[in-house]
Amino acid sequence: MKLPGGMPAEKFLREYWQKKPLVVRQAFPGFECPVSADELAGLACEEAVESRIVIENDNGKPWQLHNGPFDPERFGKLPESHWTLLVQGLDHWVPDIADLLDEFRFVPNWRLDDIMASYAPQGGSVGPHYDQYDVFLLQAQGHRRWTFGGHCDHTSPRVDGTPLRILSSWDGEETVTLAPGDMLYLPPGIGHHGVAEDDCITLSVGFRAPTIDDVLTGFTDFLCSQSDASEHLNDPDLQVQDNPGTIAPDVIDRLDAVIREKLTDKRQLALWFGQYSTLPKSLDIVVPAEEPVTPELLGGLVAGGNPLRWNEGSRFAYHEFEDETALFVDGEQFLLRGDARPLAPLLCAGARLDMEDLASFVAGDDTIAGLLSTLVNQGSLYFEQE
């Protein structure tokens with residue numbers, strides 16, 4: 001497996017991932033942006049699409065943020081330069097954008113955040129800043145000049161008077177200009193500043209990891225939702241105490257044992273994390289199919305080679321247990337046993353499924369046809385129109 005541009009993925013992960021920036025010239029030779037600036041503006045007017053406009057100098061105020069959805073007339077009132085339109089989750093709405101993610105499968109599916117589009121006229125920018133996630137910045141149209149380098153954190157000085165975290169005392173260490181097809185990788189915490197040299201679109205392929213707070217609160221909430229969480233602690237060996245106000249050491253030992261038993265249950269941890277990490281970022285796009293399919297109809301479509309693919313907003317992952325495989329799709333879990341277990345890696349390998357291999361699973365197996373029809377009906381899979 002290789003990084004776009006040809007570097008072996010193993011070398012990239014070993015030498016650059018979460019370590020240092022990397023510029024990849026012509027990672028996507030001859031790349032043509034699948035969306036135009038006008039189409040991005042149209043998406044930013046939609047209620048279900050997360051969008052923002054950043055204006056460098058907004059009536060004397062520095063780096064002001066405006067959240068969408070926007071009225072179409074809003075774009076006619078923007079300055080001639082020094083502003084940026086950001087459209088989040090572009091891969092959820094544009095299949096050709098979602099297909100770019102297959103070039104980054106050397107990173108696990110559960111690490112994916114989304115693809116954001118940034119359009120800016122000449123001089124447009126979102127200011128010098130740093131992010132808490134890994135990002136591949138693909139130049140899709142026009143040219144953008146990037147200055148980057150130096151580790152930043154919450155103690156780094158910031159500009160006052162703006163809701164954005166704009167760095168105030170930062171110079172960077174390296175400057176490059178990206179042309180269409182060029183790509184820049186940045187690890188978390190690295191300061192960077194991109195400025196449009198002409199009308200340009202940059203696609204940000206972002207990968208995010210959960211915070212420790214996410215893990216602790218998410219897993220404990222999951223444990224509390226289990227049926228045995230309502231059971232009460234018992235103390236059949238209770239002894240008379242000299243002082244009734246004492247919390248005895250054996251009480252603390254009992255509490256410690258209960259907590260350790262629950263928190264060290266790796267099966268429950270895997271089931272929680274699979275569901276948590278595949279929750280769709282946008283609940284507006286993973287919606288039930290308008291025309292539900294039966295297992296019989298699905299089996300016929302698969303046998304006929306009709307292409308089946310992930311919903312652009314769906315997330316797929318799996319975990320192997322000793323005697324079964326847990327498949328996770330959009331926050332739901334499905335436990336596969338026996339001959340059905342290899343279905344999970346097949347479904348999770350990429351957005352477009354291998355129909356020949358899939359047909360061999362579905363043929364004569366009503367249970368698998370039923371599972372796939374469930375995924376289609378809940379909106380996680382759909383048949384492409386050829």
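Here, the structure is the one placed above.
Residues numbered from 1 in each chain as written. Predicted model: local features only at pLDDT ≥ 70, side-chain atom pairs only at ≥ 80, totals over all residues. Heavy atoms only, no water.

Draft legend 1. Expanded view of empty space enclosed by the protein. In this structure the tally under the stated criterion is two cavities of 30 Å³ or more. In this structure, the largest cavity encloses a volume near 160 Å³. Mapped by element, the contributors of at least two residues to the lining of the largest cavity are strand S5 (112-120) and strand S12 (308-310). Looking at the lining of the largest cavity residue by residue, the class counts come to six nonpolar, five polar and six charged. Approximately 50 Å³ is the volume found for the second largest cavity. Broken down by class, the residue content of the lining of the second largest cavity amounts to six nonpolar, one polar and one charged. (1 Å grid on protein atoms, 1.4 Å probe; cavity = no way out; pocket = protein on both sides within 12 Å on 5 of 7 lines; lining within 4 Å. Points joined across faces, edges and corners; volume = space filled by probe spheres on them. Helix = DSSP H or I, 4+ residues; strand = E, 2+ residues; numbered from the N terminus. Nonpolar A, V, L, I, M, F, W, Y, C, P; charged D, E, K, R; others polar.)

Draft legend 2. Broad picture of the layout of surface pockets. Roughly 690 Å³ of volume is contained in the largest pocket. As for the largest pocket, its lining consists of 32 residues, of which Arg-52, Met-116, His-129, Asp-131 and Tyr-133 are closest to the centre. Elements with a contribution of two residues or more to the lining of the largest pocket: strand S2 (51-58), S5, strand S6 (134-141), strand S7 (144-151), strand S10 (190-196) and strand S11 (200-207). Examining the composition of the lining of the largest pocket, we find that four residues originate from one element, S5, more than from any other. When the residues that make up the lining of the largest pocket are grouped by side-chain class, the tally is 12 nonpolar, 11 polar and nine charged. If you go around the second largest pocket, you meet 18 residues; those closest to its centre are Leu-223, Asp-228, Ala-229, Val-258 and Lys-262. If you list the elements that add at least two residues to the lining of the second largest pocket, you get helix H4 (212-224) and helix H5 (249-263). In terms of residue count, H5 provides more of the lining of the second largest pocket than any other element does, six residues in total. Class assignment for the residues of the lining of the second largest pocket results in seven nonpolar, five polar and six charged.

Draft legend 3. Spatial organisation of helix H7 (residues 295-303). Among the residues making up H7, those that are buried are Leu-298, Gly-299 and Val-302. Taken end-on, H7 shows its buried residues confined to a sector of 100°, consistent with a single buried face. Considering only its buried residues, H7 is in contact with helix H9 (355-362), helix H10 (366-377) and strand S16 (381-383). Once H7 finishes, Gly-305 follows within two positions and takes phi at roughly 80°, a positive value. (Buried < 20%, exposed > 50% of the residue type's maximum accessible area, 1.4 Å probe, protein only. Arc of directions from axis to C-beta. Contact = heavy atoms within 4.5 Å.)

Draft legend 4. Quick peek at the sheet that holds S7. Ordered by their spatial adjacency, three strands build an open sheet running S8-S7-S10, and the pairing between neighbours is antiparallel. Strands with a single pairing partner mark the edges of an open sheet, and in this sheet they are strand S8 (174-178) and S10. The mean inter-strand angle of the sheet, taken between neighbouring strand axes irrespective of direction, is 20°. Of the pairings in the sheet, the one linking S7 to S8 comprises five bridges and is antiparallel in character. Bridged to Arg-144 within S8 is Leu-178. (Pairing = 2+ DSSP bridges. Axes fitted to C-alpha atoms, helices over the stretch in contact; angles between N-to-C directions.)

Draft legend 5. Region of interest: unusual backbone geometry. Note that the residue after Gly-68, namely Pro-69, is joined by a cis bond; omega there is 5°. Relative to the elements of secondary structure, Pro-69 occurs in the loop between strand S3 (61-67) and strand S4 (83-87). For Gln-18, which is not a glycine, the phi torsion comes out positive at approximately 60°. By the element assignment, Gln-18 lies in the loop between helix H1 (9-15) and strand S1 (22-24). Positive phi, close to 50°, is recorded for Trp-63, a residue that is not glycine.

Draft legend 6. Local environment of the pairing of strand S13 (residues 316-320). With five bridges connecting them, S13 and strand S14 (residues 325-329) associate as antiparallel partners. Of the residues in S14, the one forming a bridge with Phe-316 is Val-329. Count of turn residues in the S13/S14 antiparallel hairpin: four residues.

Draft legend 7. Quick look at the state of the cysteines. Overall, the coordinates contain zero disulfides when judged by the stated rule. You can see Cys-33 has no disulfide; the closest cysteine sulfur is in Cys-200, sitting 10 Å from it. Residue Cys-33 is classed as buried on the basis of its relative accessible area of 19%. (Disulfide = S-S within 2.5 Å.)

Draft legend 8. Structural view of the packing of aromatic side chains. With the rule as written, the count across this model stands at 23 aromatic pairs. An angle of 65° between the planes, with centres 6.3 Å apart, marks the rings of Phe-12 and Trp-17 as edge-to-face. For Trp-17, a relative accessible area of 15% translates into the label buried. Between Trp-272 and Tyr-276, the aromatic rings sit 5.0 Å apart at their centres with planes inclined by 25°, giving stacked as the arrangement. Remark: Tyr-276 and Trp-272 occur in helix H6 (residues 266-277); sequence separation between them is four residues, near one turn of the helix. (Phe/Tyr/Trp six-rings, centres within 6.5 Å; stacked < 30°, edge-to-face > 60°.)

Draft legend 9. Examining the nonpolar core more closely. Counting residues in each nonpolar core, the largest one holds 45 residues, and the members touching the most others are Leu-3, Phe-12, Leu-40, Leu-90, Phe-136 and Leu-203. Filtering out sequence-adjacent residues up to four positions away, Leu-90 remains in contact with Val-35, Leu-40, Leu-43, Ile-97, Ile-115, Ala-117 and Leu-203. Counting residues in each nonpolar core, the second largest holds 30 residues, with Leu-327, Val-329, Met-355 and Leu-371 among its members. (Core = buried A, V, L, I, M, F, W, Y, C linked by side-chain atoms within 4.5 Å.)

Draft legend 10. Local environment of the sheet that holds S5. Judged by pairing direction, the sheet is antiparallel, and its eight strands sit side by side in the order S1-S9-S6-S11-S5-S4-S2-S3 without closing on themselves. Whereas interior strands pair on both sides, the edge strands pair on one side only; in this sheet they are S1 and S3. With strand direction ignored, the average angle separating the axes of adjacent strands in the sheet is 20°. When S1 meets strand S9 (residues 183-186), the two strands line up antiparallel, connected through three bridges. Within the sheet, the bridge partner assigned to Val-23 lies in S9 and is Leu-184.

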